[in-house]
Amino acid sequence: MKFLILGAGYAGLTVAHKLRRFVRDDITVISQSRLIRENTIFPLLLTDEIKVEETEFDAKEAMNMKNVSFEEAEVKEILPESREVETSKGKFDYDYLFLAMGGGYDENFRKIKGYENAVMHHTLEGFLKLKEQLWKTDGDVFVGNVKGSPIEGPSYQIALIAEYIMRRRGVKAKVYLATQSPKGVFGPIPIDWVHEKANSYFERRGITILKGRTVKEVKRGKVVLDDDREVEAEVISILPKLSAPEVVKRSGITLNSDFVDVKLPSFRAQERIFGLGDLAFTPFPRTARAAMISAENAVSTLIKELKGIELPMYSLGVLCIMEGGDDAGILRFDTDGKNTFSTLNFNKNYVLIKKMYSRLLVKRAFDVPYHGALAVRPQV
Ligand SMILES: Cc1cc2nc3c(=O)[nH]c(=O)nc-3n(C[C@H](O)[C@H](O)[C@H](O)COP(=O)(O)OP(=O)(O)OC[C@H]3O[C@@H](n4cnc5c(N)ncnc54)[C@H](O)[C@@H]3O)c2cc1C
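Residues numbered from 1 in each chain as written. Predicted model: local features only at pLDDT ≥ 70, side-chain atom pairs only at ≥ 80, totals over all residues.

Novice: Can you help me understand the overall build of the protein in this one?
Specialist: The number of helices and strands found in the protein is 9 helices and 26 strands. C-alpha extents for the protein along the principal axes are approximately 60 × 45 × 40 Å. In the protein, the proportion of contacts linking residues at least 24 apart, taken out of those at least 6 apart, comes to 64%. (Helix = DSSP H or I, 4+ residues; strand = E, 2+ residues; numbered from the N terminus. Contact = placed C-beta atoms within 7 Å.)

Novice: Teacher, can you tell me more about the sheet that holds strand S11 (residues 141–145) here?
Specialist: Picture the strands of a sheet paired through backbone hydrogen bonds; they go either parallel or antiparallel. One open sheet holds the 5 strands; their spatial order is S10-S17-S11-S12-S13, and the pairing between them is parallel. The open sheet has two free edges, formed respectively by strand S10 (119–120) and strand S13 (207–211), since each of these has just one partner strand. Bridge count between strand S12 (residues 175–179) and S13: 5 bridges; the pairing is parallel. Looking at S13, one finds that Val175 is bridged to Ile207. (Pairing = 2+ DSSP bridges.)

Novice: Where do I start with the domain arrangement of the protein in this structure?
Specialist: Accessible area lost when the parts come together is the quantity often used to give the size of an interface. As assigned here, the protein comprises domain 1 (2–104 + 243–312) and domain 2 (107–239). Opposite the 15 residues of domain 1 that make contact, domain 2 presents 14 residues. When its residues are assigned to classes, the side of domain 1 that touches domain 2 shows 7 nonpolar, 5 polar and 3 charged. (Domains from an automatic or database assignment. Nonpolar A, V, L, I, M, F, W, Y, C, P; charged D, E, K, R; others polar.)

Novice: I'm lost on the UniProt feature "domain: FAD/NAD(P)-binding" (unreviewed entry) in the protein in this one. Help?
Specialist: Per the UniProt entry, the sites bearing "domain: FAD/NAD(P)-binding" (unreviewed entry) are residues 2–292 in this numbering. Here residues 2–292 is 25% helix and 28% strand, with 21 Å between the C-alpha atoms at its ends. (UniProt positions renumbered as here; feature names shortened; annotations may be inferred.)

Novice: How should the environment of Phe281 be read in this particular structure?
Specialist: The topology assignment puts Phe281 in the loop between strand S21 (273–275) and helix H8 (288–307). Setting aside residues up to four positions removed in sequence, Phe281 forms contacts with Asn256, Ser257, Phe259, Val260, Asp261 and Val262.

Novice: Whenever I open this one, the environment of Leu264 confuses me. Can you help?
Specialist: Within the secondary structure, Leu264 sits in the loop between strand S19 (259–260) and strand S20 (268–270). Among the residues examined, Leu264 registers 19 C-beta atoms within 10 Å and is labelled partly exposed. Residues Leu264 and Leu6, spaced 258 residues apart in sequence, show a C-alpha to C-alpha distance of 20 Å. (Buried ≥ 20, exposed ≤ 12 C-beta atoms within 10 Å, placed from the backbone.)

Novice: Any chance you could explain unusual backbone geometry here in plain terms?
Specialist: Comment: phi is negative for the bulk of residues other than glycine, and the bulk of peptide bonds are trans. Here the amide bond leading from Leu264 into Pro265 is cis, since omega sits at 5°, within 30 degrees of zero. Position of Pro265 among the secondary structure elements: in the loop between S19 and S20. With a phi close to 60°, Asn67 is a non-glycine residue in the positive phi region. In this model, Asp258 sits at a positive phi of 75°, which is unusual for a non-glycine residue. Position of Asp258 relative to the elements: it lies in the loop between strand S18 (255–256) and S19. Look at Asp258 and you get partly exposed, because 17 C-beta atoms sit within 10 Å.

Novice: Please clarify how the site of the ligand should be interpreted in this entry.
Specialist: Residues in close proximity to the ligand total 36 residues, the closest being Gly7, Gly9, Gly102, Gly277 and Thr287. Of all the elements in the fold, those that place two or more residues in the shell around the ligand are helix H1 (10–22), strand S2 (26–31), helix H5 (153–169), H8 and strand S23 (317–323). Class assignment for the residues of the shell around the ligand results in 18 nonpolar, 14 polar and 4 charged. (Near = placed C-beta within 6 Å.)

Novice: Teacher, can you tell me more about the packing of H1 against H8 here?
Specialist: Two quantities define a packed helix pair, namely the angle between the helix axes and the distance between the axes. Two elements in contact, H1 and H8, have axes separated by 8 Å at closest approach and are oriented at 30°. Classified by the angle between their axes, H1 and H8 sit roughly parallel to one another. For the pair H1 and H8, the sense of crossing is right-handed. Seen from H1, the contacting residues are Tyr10, Ala11, Thr14, Val15, Lys18, Leu19 and Phe22; seen from H8, they are Ala288, Ala291, Met292, Ser294, Ala295, Glu296, Ala298, Val299, Ile303 and Lys307. Taken together, the residues that form the contact of H1 with H8 break down as 12 nonpolar, 2 polar and 3 charged. (Axes fitted to C-alpha atoms, helices over the stretch in contact; angles between N-to-C directions. Parallel < 35°, antiparallel > 145°, perpendicular 65-115°, else oblique. Left-handed = near helix turned anticlockwise from the far one by under 90°.)

Novice: Before we go on, may I ask you to explain the sheet that holds strand S15 (residues 222–225) in this structure?
Specialist: An order of S14-S15-S16 is seen for the 3 strands of this open sheet, with the pairing classed as antiparallel. Either end of the sheet is taken by a strand with one partner, and the two such strands are strand S14 (215–219) and strand S16 (230–232). Each neighbouring strand pair of the sheet contributes to a mean axis angle of 25°, computed without reference to strand direction. Pairing of S14 with S15, which is carried by 4 bridges, proceeds in the antiparallel orientation.

Novice: So what exactly am I meant to see when it comes to the pairing of strand S6 (residues 75–79) here?
Specialist: The two faces of the sheet receive side chains in turn, since in a regular strand these alternate between them. Of the pairings in the sheet, the one linking S6 to strand S7 (residues 84–87) comprises 4 bridges and is antiparallel in character. From the neighbouring strand, Leu79 faces S7, where its bridge partner is Glu84. Linking two consecutive strands that pair antiparallel, namely S6 and S7, is a turn of 4 residues; a positive phi of about 55° is found at Arg83 within it.

Novice: Looking at this model, I keep getting lost on H5. Mind explaining?
Specialist: Helical geometry note: an α-helix holds 3.6 residues per turn, so side chains three or four residues apart project in the same direction. Across its 17 residues, H5 extends 25 Å between first and last C-alpha, which sits within 8% of the 24 Å expected from 1.5 Å per residue. In terms of residue burial, H5 counts as a mostly covered element, since 14 of its 17 residues are buried. With its phi angle positive at about 70°, Gly170 sits one or two positions after the end of H5. (Expected span 1.5 Å × (residues − 1).)

Laid out in structure tokens, this is it:
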């Protein structure tokens, strides 16, 4: 049997590690580069709390050690009818396919009108540019998301860190944070005290929250919001709306609002195809934790079918550790339908936890099966 995994991020590598624990068959990972970066820790690059090298690992080496093949190649076409994938290094066939190519950050960023006047706080390049600008500017800073962007936690962190850097440099500049929800920071969490506490913390830090506002366009030195109001800022950092990458959209696999339509909690898109991580449609934010849970659930589903072994399935939720310069915070919202766990706290020590977890992710090439998620009954 041949298992083919497209993408070596949180979801793709989690699939490979977990599958190898249960099957001896052919497993192949195809990804653009063998050099993988643990990007959830990137905000700490802005304050030199972490070095670029500490975020990196060699995925080919990690996979080969487990007898998993790794092809450094670009996926060009996915052909579900013939069960084949065309890449820059030839065709690969499969019995089961795992789509784990992320949320098309770059291609969606380039769709924003005037994107060249802003940076994107996702890629390493984006973070290095943002760092240079934040330590140089005497002007205002704007951080926000495009409408429909399914992750806002990184923007909260950038706003907090920007405020810290300005304070440390003694620069009297404004930091604007636009939140998609009219309730402000963590607005989509359905518990009032959470966003009230979060908003008052951000306001105490001197951040101007533009509630219920998204980025429509960027011009030189200003952002045009969805209500056509213009906000002037010298540093503009944004996250785009995401979608399944173009190569997935072209494949004919069913989409739901630009993402791969999957059944939950199995993340199955078709009988032999699973859609994982940032490219899968779920009502939850697209996070690394969710990507790893999607991979765990997909493999558990297959192992049950192929081997009759029952493994736990997990529910999605939100776990966000925020780096904020000289302070930090944690938000957890998890529910299994019956029980709900919610926490929002601020304390500098959370950064230490985040750094330790990131170290573990890098050292183990994302083979970290515990995500603090709740187990749910499988419904495949
Ligand atoms: C600044 C920032 C901070 C974040 N912090 C957190 C956090 O604290 N906690 C959290 O849970 N989440 C966080 N996230 C979200 C998290 O990074 C993403 O949700 C996660 O990367 C998604 O994992 P994935 O496996 O779906 O995709 P990715 O990690 O994006 O992996 C996709 C892989 O596919 C490869 N690929 C793509 N297209 C092709 C192609 N055509 N051919 C070959 N290979 C291809 C890519 O090169 C990449 O290796 C953060 C995001 C940002 C931007």
